[in-house]
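# A structural walkthrough
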Amino acid sequence: MPLYKTQAVVLKSMKLSEKDKLVTFLTETHGKVKCVAKAARRLKSRFGASLEPMSHVSLIYFGKEHQELYRLNQCDIIQSFQEIKESPDLFYTAVYFLELAGHFIVEGHPEPEIFRLLVRSLQEAGKVGNMELLCRLFEFRIMAHAGYTPRLRKCIVCRREPQSLWVGFSYNQHGIICESCFDKEPVETRIKSGTVSYLKKFLSLDLNHVHRLKIPKELEAEIESITHRLVLARLGREMKSYPFIRQMAEWV
Ligand SMILES: [Zn+2]
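Small disclaimer: the values here were computed from a predicted structure and weren't measured.

## Overview of the packing of helix H5 (residues 193–204) against helix H6 (residues 217–235)
- Contact geometry for H5 and H6: axes closest at 10 Å, N-to-C directions at 60°. Considered as vectors, H5 and H6 are oriented oblique to each other. Crossing handedness for the pair H5 and H6: right-handed. The residues of H6 that touch H5, namely those facing Gly194, Thr195, Tyr198, Leu199 and Phe202, are Leu219, Glu222, Ile223, Ile226 and Thr227.
- The residue inventory of the contact of H5 with H6, partitioned by class, reads six nonpolar, three polar and one charged.

Following this line, the structure appears as structure tokens:
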């Protein structure tokens, strides 16, 4: 039977029987993978704490190709992200990242760029002060990796680069509209050209430098209106963890 070795992030871990666990992994090379972890519920399990959700692990599992359930052979922690699990603010945002990644990474379809975005964002979560910004960047990048980058350079109607302070945005047509074309295409929201510049930066920014990026307060709501609504438009629903993030943002 083939043996597979890959890196993964633990998405879910649940009781399967008295002794066993059913664990869902987002793997780097095989998409979403479900494994039976034999005797993982024993106190002295050989898997230790490696099956806790959010852990970044190195994984060996086996089974026939394209089957639904694999058997877990070995799971070693690369990073446990303990600091995230101990802070409610970081925790809910990280759960949101996991939920979103779990939506785009499906069984049998590897999405290595989304996997790396997830791991890098979890690594940065412990370092950045502004989770809001990391959240916006994650939303925008995951949409881009999944093939939904809006057109931000030229107007979707006349194909010219807008010169004005304000531009329109169409979620439907997935791009910006210059002022002179406002009457030709429904403008669903108006945003400042500064917001467009930050969205462009989100696509190219090295995640190592995310803590250096400062977003002017007055643009934050506009940026969220684009990144979060793009996610909603694509998914058709809100992720379960999102209301918790909003609540945390009001408390801190
Ligand atoms: Zn135009």
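## Brief notes about the pairing of strand S2 (residues 21–27)
- S2 sits mainly inside the fold: six of its seven residues count as buried.
- In terms of strand pairing, strand S1 (residues 3–15) meets S2 through seven bridges, oriented antiparallel. Note on S2: the bridge partner recorded for Lys12 is Thr24.
- The hairpin formed by S1 and S2 contains five residues between the paired strands.
- One ladder, built from six bridges, connects S2 with strand S3 (residues 32–37); its direction is antiparallel. Across the sheet, residue Leu26 finds its bridge partner in S3, namely Lys32.
- Between S2 and S3, which pair antiparallel one after the other, the connecting turn spans four residues, and Gly31 there sits at a positive phi close to 70°.

## Quick look at the sheet that holds S1
- Reading around the circumference, S1-S2-S3-S5-S4 is the order of the five strands in this closed barrel, with mixed pairing throughout. Taken over all neighbouring pairs, the strand axes of this sheet differ in orientation by 50° on average, direction set aside.
- By the bridge criterion, three bridges tie S3 to strand S5 (residues 69–79) in an arrangement that is parallel. If you follow Val36 over to S5, its bridge partner there is Arg71.
- Contacts from helix H3 (residues 112–125) reach S1, S2, strand S4 (56–62) and S5, with the element oriented near 60° to S1.

## Observations concerning the sheet that holds strand S7 (residues 175–177)
- Spatial ordering of the open sheet is given by S7-S6-S8, a layout of three strands whose pairing is antiparallel. At either margin of the open sheet sits one strand with a lone partner, and together these are S7 and strand S8 (189–192). On average, adjacent strands in this sheet sit at an angle of 45° to one another, irrespective of strand direction.
- One ladder, built from three bridges, connects strand S6 (residues 166–170) with S7; its direction is antiparallel. When the bridges of S7 are listed, Ser170 appears paired with Gly175.

## A few points about the coordination of the zinc ion
- With distances of 2.3 Å, the protein atoms coordinating the zinc ion are Cys155 (SG), Cys158 (SG), Cys178 (SG) and Cys181 (SG).
- The site at the zinc ion holds four donor atoms, and with the angles between them running 104 to 116°, its shape is tetrahedral.
- Positions of the donor residues of the zinc ion, expressed as sequence spacing, correspond to C-x2-C-x19-C-x2-C. You'll find Cys178 and Cys181 in the same group, each marked buried.

Reading the values: the criteria
Residues numbered from 1 in each chain as written. Predicted model: local features only at pLDDT ≥ 70, side-chain atom pairs only at ≥ 80, totals over all residues. Heavy atoms only, no water. Axes fitted to C-alpha atoms, helices over the stretch in contact; angles between N-to-C directions. Helix = DSSP H or I, 4+ residues; strand = E, 2+ residues; numbered from the N terminus. Parallel < 35°, antiparallel > 145°, perpendicular 65-115°, else oblique. Left-handed = near helix turned anticlockwise from the far one by under 90°. Contact = heavy atoms within 4.5 Å. Nonpolar A, V, L, I, M, F, W, Y, C, P; charged D, E, K, R; others polar. Buried < 20%, exposed > 50% of the residue type's maximum accessible area, 1.4 Å probe, protein only. Pairing = 2+ DSSP bridges. Donors = N, O, S within 2.8 Å, 3.2 Å for Na, K, Ca; no water. Tetrahedral: all angles 85-135°; square planar, octahedral: opposite > 155°, others 65-115°.

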